[in-house]
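# Structure at a glance
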Amino acid sequence: MLDFKYILMLFLAASVAACQSPRAAEDRLVAAFGETMFGGRVHSQDGISEDGKEFRLAKWDSSVEISVMDGATAENLAFVQDTLEPFAELTELRIRLAEPNDESADIRIYFSDQKDFVINDNEPAKCFAQSRSDDHGRLVMAEVHISRTDEETWRTECLVHELLHAFGWRGHTHRVRSAISYMHGETELTRWDDYLMRTLYDPRMEFGMSRNDAMPVARTILHELMNEG
């Protein structure tokens, strides 16, 4: 027969572990936010780039127009439109798919004929995104490039990942199952991505915030989101 004190100790240990679990998940999400939003080309823990400049929070303002510049087939246009729907919900931005080849579009998507790309001088990539923000942390331009496979189909599984970059996610994280991670194999937004995107586009997360200023705010917002309902 088990000793009553031993059973009580097991119960207390299980209770402590249960209490710690939500906090551990919150800690992982907060760390993931820092890695994705302040990662930059060099994934720096202190938010400093290789040229000594501090990364600042960047995101779109109230509306975003998106155009498919190359490969604007009916299938690709429908796929892009469907993919953008959760982005509009999570960011609360006015997102509109413009006519193909619209040079004035904010985000331009290229379904390329290339089989691969070279980025960052010598880094091979099957898909990639690049963006530019103004001095105040407002994104002003982004491009998404999708390659073709040897079977002559486009790598549409890249689109969500690259759109995350186009919407302000500078780096990668593998702490949570996320479409931004190239280790987990997710091709659609996960619930963790939902939390991170809602946090980035929360009004309390101001344009151009430094990492040090943004992280406490991110924790507050993520704590609220994880405790909703």
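Bear in mind the structure is a predicted one, so any value in this text is a computation, not a measurement. (Residues numbered from 1 in each chain as written. Predicted model: local features only at pLDDT ≥ 70, side-chain atom pairs only at ≥ 80, totals over all residues. Heavy atoms only, no water.)

### Here we look at the confidence of the model for the chain
For the record, the criterion: In predicted models, pLDDT denotes the confidence assigned by the predictor to each residue on a 0 to 100 scale. By definition in these notes, contact holds between two residues if any of their heavy atoms fall within 4.5 Å.
Of all residues in the chain, 85% attain a pLDDT of 70 or more, and the chain-wide mean is 87. Considering only residues more than four positions removed or in separate chains, one finds that residues 4-20, a stretch of pLDDT under 50, has 1 contact. Overall, residues 41-52 carries pLDDT values under 50, and its contacts beyond four positions in sequence, including any with other chains, amount to 23 contacts.

### Focus on the packing of aromatic side chains
Spelled out, the test is: Only the six-membered ring of Trp is used, alongside the rings of Phe and Tyr, when aromatic pairs are assigned; centres must lie within 6.5 Å, and planes under 30 degrees apart are stacked while those over 60 apart are edge-to-face, with the rest tilted. Comment: elements are numbered from the N terminus, with helices defined as DSSP H or I runs of at least four residues and strands as E runs of at least two. Accessibility here uses a 1.4 Å probe with only protein chains present; expressed as a share of the type maximum, an area under 20% marks a residue as buried, one over 50% as exposed, and anything in between as partly exposed.
Per the stated rule, a full pass over the model turns up 4 aromatic pairs. Note on phenylalanine 87 and phenylalanine 167: the rings are 5.1 Å apart at their centroids and 40° apart in plane angle, and the pair reads as tilted. In this pair, phenylalanine 87 is assigned in helix H2 (residues 74-91) and phenylalanine 167 in the loop between helix H3 (159-166) and helix H4 (191-200), connecting sequence segments 80 residues apart. Residue class for phenylalanine 87 comes out buried when judged on its relative accessible area of 1%. You can call phenylalanine 167 buried: its relative accessible area is 0%. Here phenylalanine 111 and tryptophan 154 contribute two aromatic rings whose centre-to-centre distance is 5.8 Å and whose plane-to-plane angle is 70°, an arrangement assigned as edge-to-face.

### Focus on the environment of glutamate 92
Position of glutamate 92 among the secondary structure elements: in the loop between H2 and strand E2 (94-97). According to the relative accessible area criterion, glutamate 92 is exposed, its value standing at 68%.

### Digging into H4
Buried residues dominate H4, accounting for 7 of its 10 residues. Where H4 is concerned, the buried positions are Trp192, Asp193, Tyr195, Leu196, Met197, Thr199 and Leu200.

### Observations regarding the state of the cysteines
The following threshold applies: Here, two cysteine sulfur atoms that lie within 2.5 Å of each other are counted as a disulfide.
The tally for this structure, following the rule as stated, stands at 1 disulfide. Between the sulfur of cysteine 127 and that of cysteine 158 lies a disulfide, 2.3 Å long from S to S. When the S-S torsion is 75°, as for the bridge of cysteine 127 with cysteine 158, the disulfide is right-handed. In this pair, cysteine 127 is assigned in strand E6 (residues 127-133) and cysteine 158 in the loop between strand E7 (139-146) and H3, connecting sequence segments 31 residues apart. Of the two residues, cysteine 127 and cysteine 158, neither departs from the other in class, the shared state being buried.

### Regarding the nonpolar core
Heads up, the rule is: The set of buried Ala, Val, Leu, Ile, Met, Phe, Trp, Tyr and Cys residues whose side-chain atoms join them within 4.5 Å is what this entry labels a nonpolar core.
Residues Phe33, Trp60, Ile66, Ile107, Ile109, Phe167 and Met197 are the most contacted members of the largest nonpolar core, which totals 53 residues. Top contributing element to this core by residue count: helix H5 (residues 211-226), with 6 residues. Beyond its immediate stretch of four places on either side in the chain, phenylalanine 33 contacts Phe38, Leu57, Leu196, Thr199, Leu200, Met205, Met215 and Ala218.

### Observations regarding the packing of H4 against H5
The following threshold applies: Only C-alpha atoms enter the line fits that serve as axes; for helices the fit covers just the stretch in contact. Angles between N-to-C directions range over 0 to 180 degrees. These descriptions rest on fixed angle ranges, namely under 35 degrees for roughly parallel, over 145 for roughly antiparallel, 65 to 115 for roughly perpendicular, and the rest for oblique. When the near helix sits turned anticlockwise from the far one by under a right angle, the crossing is termed left-handed; a clockwise turn instead gives a right-handed crossing. Nonpolar residues are Ala, Val, Leu, Ile, Met, Phe, Trp, Tyr, Cys and Pro. Charged residues are Asp, Glu, Lys and Arg, and all others, Gly as well, are polar.
Contact geometry of H4 with H5 gives a least axis separation of 10 Å together with a crossing angle of 135°. Between H4 and H5, the interaxial angle falls into the category oblique. The chirality of how H4 crosses H5 is right-handed. Contacts between H4 and H5 pair Trp192, Tyr195, Arg198 and Thr199 from the former with Ala218, Ile221, Leu222, Leu225 and Met226 from the latter. When grouped by side-chain class, the residues that make up the contact of H4 with H5 number 7 nonpolar, 1 polar and 1 charged.

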